[in-house]
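Observations on the three-dimensional arrangement
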Amino acid sequence: MARGVILLCAGGTGGHLFPAEALAHELIERGWAVHLATDDRAERFAGNFPAAAIHPIQSATMGSKNPIAVLGAFWKIWRGVRQASAIIARIKPEAVVGFGGYPTLPPLYAATRRKVPTLIHEQNAVMGRANRALSGPVDAIAGGFLPQDSSAAGAKTVTTGNPVRPAVLEAAGTPYAPSVADQPFRLLVFGGSQGAQFFSDAMPAAIALLSDVQRGRLSITQQARADDVGRVKEAYAALGVSVEVSPFFNDMAARMAAAHLVISRSGASTVSEIAVIGRPALLVPYPYALDHDQAANAAALAAAGGGEVHPQSTLSPERIAALIGALMDQPERLAAMAAAAKSVGRPDAARLLADLTEAIASRKTVSDFRKGTHA
């Protein structure tokens, strides 16, 4: 028989649902029954979610400045609160945990009104708008990169890290092996669906500026949008560079583990995976990210010495070539960056998040939790 019910709440995107899924697996192993509250968009991601039940909840975004649209959004959220309140009354969760996105607002508000213990998890170094709205009433905040400081939110924040995929944990067992002299140098370049076009435009031009010897050592794996794959392949072929280009790689964790250098955007999951595996990185924050959260995520890894942050506006092909060329000739520096990145990785994030969830479910405070084995 289950120890009790934990209700997880997440917006309908992979970025919100993945850490919720990682926590669900950990809680189920500990004997809890897990339910998920989300919106209709989640069907494509939540199909394999290990929940005893999935509860669609009405919600709405608050981005419009149109007064009628704002009123309509408030009405949908209020209906969602009543809907979530009825679900909470029926399933009687010991705790309600939110992972960001507007669909988390109704169930978390309903839980706080019913005095059910509440926790939110924020992946990024800057809180998203939904989590920011919830940070006041909830009992605890788990952070991927959030600071534990003297602010009202910081005082109830525990830095758990971001849960990573099993494939990443497996890849973390591969030690970093520097490339020296005339050995192949494996370069991994990726940018996500929104951020890959810049790399498709800039990287081949930068590689063309390297010396013949450096170009001859390169083995490149690059993610590109489907529309760009053909032209990127042709550009590299003209340079005689060994390259694999694809919109998606099923074995990205293994490719990251094999890389001597990573060049990427700095979403929360990306930075967390780079740190857990322990690889040197040149991070290029997506300049149009809401709240500039990618720049803050990148700064967290750079502060440890595991990566360098380079704003996109500063990266001409000449500058990229200079950065790559210098690092190719400094294997000791790359090895030091890899070790620094790994030193701040949190491979135990799912376990820490489950520990905090259980503490909140038993009505312990964050202060009580910190006084235990988790500082």
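Keep in mind the model is a prediction, meaning the values are calculated, not measured. Per chain, the residues get numbers from 1 upward, laid out in the order the sequence is written. Given that this is a predicted model, residues contribute local features only at a pLDDT of at least 70 and side-chain atom pairs are listed and counted only at 80 or more, while totals for whole chains, interfaces and linings are drawn from all residues. In computing side-chain properties, one takes all heavy atoms of the structure into account and sets aside hydrogens as well as water.

The terminal C-alpha atoms of helix α13 (residues 317-328) lie 16 Å apart, and with twelve residues this matches the ideal 16 Å at 1.5 Å per residue to within 8%. Three or more residues of α13 are buried, namely Ile320, Ala321, Leu323, Ile324, Gly325, Leu327 and Met328. Numbering of helices and strands runs from the N terminus, with a helix taken as a DSSP run of H or I at least four residues long and a strand as a DSSP run of E at least two residues long. Take the residue count of a helix, subtract one, and multiply by 1.5 Å to get its expected span. Summary of the burial criterion: residues with accessible area below 20% of their type's maximum are buried, those above 50% are exposed, and those between are partly exposed, where the area comes from a 1.4 Å probe applied to protein chains only.

With that settled, the discussion passes to the sheet that holds strand β2 (residues 33-38). Should DSSP find at least two bridges between two strands, the strands are regarded as paired. The parallel open sheet is built from seven strands, whose spatial order is β3-β2-β1-β4-β5-β6-β7. Each end of this open sheet is capped by a strand with a single partner; those strands are β3 (53-56) and β7 (157-159). Adjacent strand axes in the sheet meet at a mean angle of 25 degrees when their direction is disregarded. As paired strands, strand β5 (residues 118-122) and strand β6 (residues 140-143) are joined by four bridges and run parallel to one another. Across the sheet, residue Leu119 finds its bridge partner in β6, namely Ala140. Every axis in this analysis is a line fitted to C-alpha atoms, fitted for helices over the stretch in contact. Angles between the N-to-C directions lie between 0 and 180 degrees.

This paragraph deals with unusual backbone geometry. With a phi close to 50 degrees, Lys92 is a non-glycine residue in the positive phi region. As for its placement among the helices and strands, Lys92 is situated in the loop between α3 (67-91) and β4 (95-98). The class of Lys92 is exposed, set by a relative accessible area of 58%.

Okay, the packing of aromatic side chains next. Pairing of aromatic side chains requires ring centres within 6.5 Å, counting the rings of Phe and Tyr and the six-membered ring of Trp. Pairs whose planes differ by under 30 degrees are stacked, by over 60 edge-to-face, and all others tilted. Throughout the structure, instances matching the rule amount to two aromatic pairs. An angle of 80 degrees between the planes, with centres 5.6 Å apart, marks the rings of Tyr286 and Tyr288 as edge-to-face. A relative accessible area of 17% places Tyr286 in the buried class.

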